[in-house]
Amino acid sequence: MSVGGTLPLGALARLAWRNLWRNRRRTAIMLLAIATGAWAMIFMTALMRGMVDQMVEDGIDALPGYVQVHHPRYRDDPNIENSLTEPGAAFRAAMDSPEVRGWTSRVRVPAMVSSARDSRGVTLLGVDPGGEIAVGFDPASVIAGRFLDGPDDGGVVVGRKLLERLETDLGKRVVIMSQGPDNTVADRGFRVVGVYRAQLEALEETFVYAGRDTVQAMLENGDRISEIAVTGYDYRAMERLLERVRAAVEPEAEVLPWTALDPYLGSMMTVMDGFVLVWIIVIFLALSFGLVNTLMMAVFERIREFGLMQALGMKPAAILWQVLLESLFLLALGLALGNLLAIVSVWPLRDGLDLTIVGEGMEWFGAASVLYPALKLNDLLLADAVVVVLGILTSLMPAWRASRYRPVEAIARA
């Protein structure tokens, strides 16, 4: 394949490669600038992506579940009267699907927990322990005692922070009160059998876990439940999971994805996806000034060379391609070095970056005190693609300028 009707592309590429290393210092400086910019883009993107992903995952764990099913009036008035019937055989069969990682049903009502010293408002979760673990509860988060043995367990599992607020301890009894049918007060004594630690400390004061059957008996609500939670494998791609759940429940039930249940987290993920692209473009636009300046200086230094090449028969288009190939080689080498630096920088942080010193500030907007950078292939490819495209566009002006010189004038000006 010839370019400009004079030289094959391969010959132009070899010529461009040799010209790139004629001034090693200039080339090294540009490589360092491009590599540093690529490293900064990718490394900071990994940190931001990891923070947002962790916020989303913590939010989903707090729900938990990618998709939830409620009575149509439950979210406006979460009392025991706005409940659903326990899922039957048809629903269970529908959940036996590759899209479904796990599902569970639970009773979820506002409640008051009281110890001998203090009282706190909480959300009481009557759960089936096996189902709760299937949708995301980590048994390793129970740092003292045990998790519930079954849906008929008579104990409760509370958060570490709530235990401190109540000034009680593992093995002590607490009283939980909630609203029963017909606005009656339902209460029951429970023994604290476990203490859990959450990624976000605020959640430790929010949720109290008890056996689902035990809570149903306390509320005198038969086998009715407050919600069904279903989780899948990718919280970004829930369309098929959402449709499967909708087809399996009663038509009047409200079926919502986590993005609708927590709009803040959904908006955060959308904004982050757009911010990654803006961040990459802004960083490289700053670098592009240096790239243009360097390429223009290289063109000015080689005016006589370009004039001689045209005098010997090389067409302007071939010169334009030669300068563009030099830029492409420079960008490719800089990106390869920047990608390598980013991977080497992120890899040691794969087990988490401890930000406990600013943990309260992180938790204020929903982030955990341990940050896990997320270096995603899509972000890496996006950064590389943006740099190459903008780099080539930036190189067009000096390349065009080099191809516009007239041979006689170029030799005379040199």
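Residues numbered from 1 in each chain as written. Predicted model: local features only at pLDDT ≥ 70, side-chain atom pairs only at ≥ 80, totals over all residues. Heavy atoms only, no water.

Colleague: Just checking my understanding: could you explain the overall build of the chain for this structure?
Modeller: What the chain contains, in helices and strands, is 14 helices and 14 strands. In the chain, which comprises 414 residues, the share counted as buried stands at 49%. Counted over contacts in the chain with a minimum sequence separation of 6, partners at least 24 positions apart contribute 78%. As presented, the chain carries roughly 20000 Å² of accessible surface, and 59% of it is formed by carbon and sulfur atoms. (Helix = DSSP H or I, 4+ residues; strand = E, 2+ residues; numbered from the N terminus. Buried < 20%, exposed > 50% of the residue type's maximum accessible area, 1.4 Å probe, protein only. Contact = heavy atoms within 4.5 Å. Areas by Shrake-Rupley, 256 points an atom, 1.4 Å probe, with all protein chains shown as cover.)

Colleague: Would you mind going over the nonpolar core with me for this structure?
Modeller: Considering soluble globular proteins, one finds that nonpolar side chains tend to be buried as a cluster. Core analysis: the biggest nonpolar cluster contains 47 residues, and Tyr66, Val69, Met95, Val230, Val245 and Trp258 have the highest contact counts within it. When contributions to this core are tallied by element, the ones reaching two or more residues are α2 (24-62), β3 (67-70), α3 (89-94), β11 (227-231), α7 (239-248), α9 (263-301), α11 (316-346) and α13 (377-404). Per element, the largest residue contribution to this core is 11 residues, and it comes from α2. In this structure Met95 touches Val100, Trp103, Val230, Arg244, Val245 and Ala248, once residues within four positions along its chain are discounted. Grouped together as the second largest cluster of nonpolar side chains are 23 residues, Ile80, Ala111, Val122 and Val192 included. (Core = buried A, V, L, I, M, F, W, Y, C linked by side-chain atoms within 4.5 Å.)

Colleague: Any chance you could explain the environment of Ala248 here in plain terms?
Modeller: Tracing the sequence through the fold places Ala248 in helix α7. The sequence separation of Ala248 and Gly88 amounts to 160 residues, and the corresponding C-alpha distance is 9.8 Å. Those residues in contact with Ala248 that sit more than four places away from it in its chain are Phe91, Ala94 and Met95.

Colleague: Explain the packing of aromatic side chains here, please?
Modeller: For any pair of aromatic rings, the description rests on two quantities: the centre-to-centre distance and the angle between the ring planes. Throughout the structure, instances matching the rule amount to 10 aromatic pairs. Ring geometry for Phe91 against Trp103: centres 5.1 Å apart, planes inclined by 80 degrees, an arrangement best described as edge-to-face. You can see Phe91 sitting in helix α3 and its partner Trp103 sitting in strand β4 (residues 102-114), a full 12 residues away along the chain. What makes Phe91 buried here is its relative accessible area of 4%. Taking 4.3 Å as the distance between ring centres and 15 degrees as the angle between the ring planes, the aromatic pair formed by Phe137 and Phe147 counts as stacked. Here the residue Phe137 occupies a position in the loop between α4 (129-134) and β6 (142-145), and Phe147 occupies one in the loop between β6 and β7 (155-159), the gap between them amounting to 10 residues. (Phe/Tyr/Trp six-rings, centres within 6.5 Å; stacked < 30°, edge-to-face > 60°.)

Colleague: Explanation requested: the side chain of Lys161 in the structure shown.
Modeller: Here Lys161 is to be found in helix α5 (residues 160-166). Excluding anything up to four places from it in sequence, Lys161 contacts Glu201, Glu204 and Glu205.

Colleague: I tried to follow the side chain of Thr27 on my own but got confused; where do I start?
Modeller: Here Thr27 is to be found in helix α2. Overall, Thr27 belongs to the buried group, its relative accessible area being 4%. Beyond its immediate sequence surroundings of up to four residues, Thr27 is in contact with Leu20, Trp21 and Leu330.

Colleague: Is there a simple way to think about the packing of helix α1 (residues 9-20) against α11 in this case?
Modeller: Two measures define how a pair of helices packs: the angle their axes make with one another and the distance between the axes. Orientation of α1 relative to α11, taken along the N-to-C sense of each, is 60 degrees, at an axis distance of 8 Å. Comparing their axes, α11 and α1 come out oblique. Relative to α11, the crossing made by α1 is right-handed. Each of Leu9, Leu12, Ala13, Leu15, Ala16, Trp17, Asn19 and Leu20 in α1 lies in contact with α11, whose residues at this interface are Ala318, Trp321, Gln322, Leu325, Glu326, Phe329, Leu330 and Leu333. A breakdown of the residues in the contact of α1 with α11 according to their chemical character gives 13 nonpolar, two polar and one charged. (Axes fitted to C-alpha atoms, helices over the stretch in contact; angles between N-to-C directions. Parallel < 35°, antiparallel > 145°, perpendicular 65-115°, else oblique. Left-handed = near helix turned anticlockwise from the far one by under 90°. Nonpolar A, V, L, I, M, F, W, Y, C, P; charged D, E, K, R; others polar.)

Colleague: Explanation requested: the pattern of salt bridges in the structure shown.
Modeller: Note that side chains of opposite charge can pair when their charged atoms are close. The tally for this structure, following the rule as stated, stands at 17 salt bridges. A salt bridge links Glu99 to Arg244; the nearest nitrogen and oxygen atoms lie 3.3 Å apart. Placement of the pair is Glu99 in the loop between α3 and β4 and Arg244 in helix α7, with a sequence separation of 145 residues. The class for Glu99 is buried, based on a relative accessible area of 17%. Arg244 gets classed as partly exposed once you look at its relative accessible area, which sits at 32%. For Arg160, the salt bridge is made with Glu204, and the minimal N-O distance between the two is 3.2 Å. With Arg160 in helix α5 and Glu204 in the loop between β9 (185-196) and β10 (207-211), the pair connects residues that are 44 residues apart, well separated along the chain. Of the two residues examined, Arg160 and Glu204, each falls in the buried class. (Salt bridge = Lys/Arg side-chain N within 4 Å of Asp/Glu carboxyl O.)

Colleague: Where do I start with unusual backbone geometry in this structure?
Modeller: Backbone geometry follows two general trends: most residues other than glycine have a negative phi, and most peptide bonds adopt the trans configuration. For Glu167, which is not glycine, the phi dihedral falls at a positive 55 degrees. Its place among the elements puts Glu167 in the loop between α5 and β8 (173-179). Positive phi, close to 55 degrees, is recorded for Glu220, a residue that is not glycine. Along the chain, Glu220 turns up in the loop between α6 (212-219) and β11. The exposure class assigned to Glu220 is exposed, which follows from its relative accessible area of 63%.

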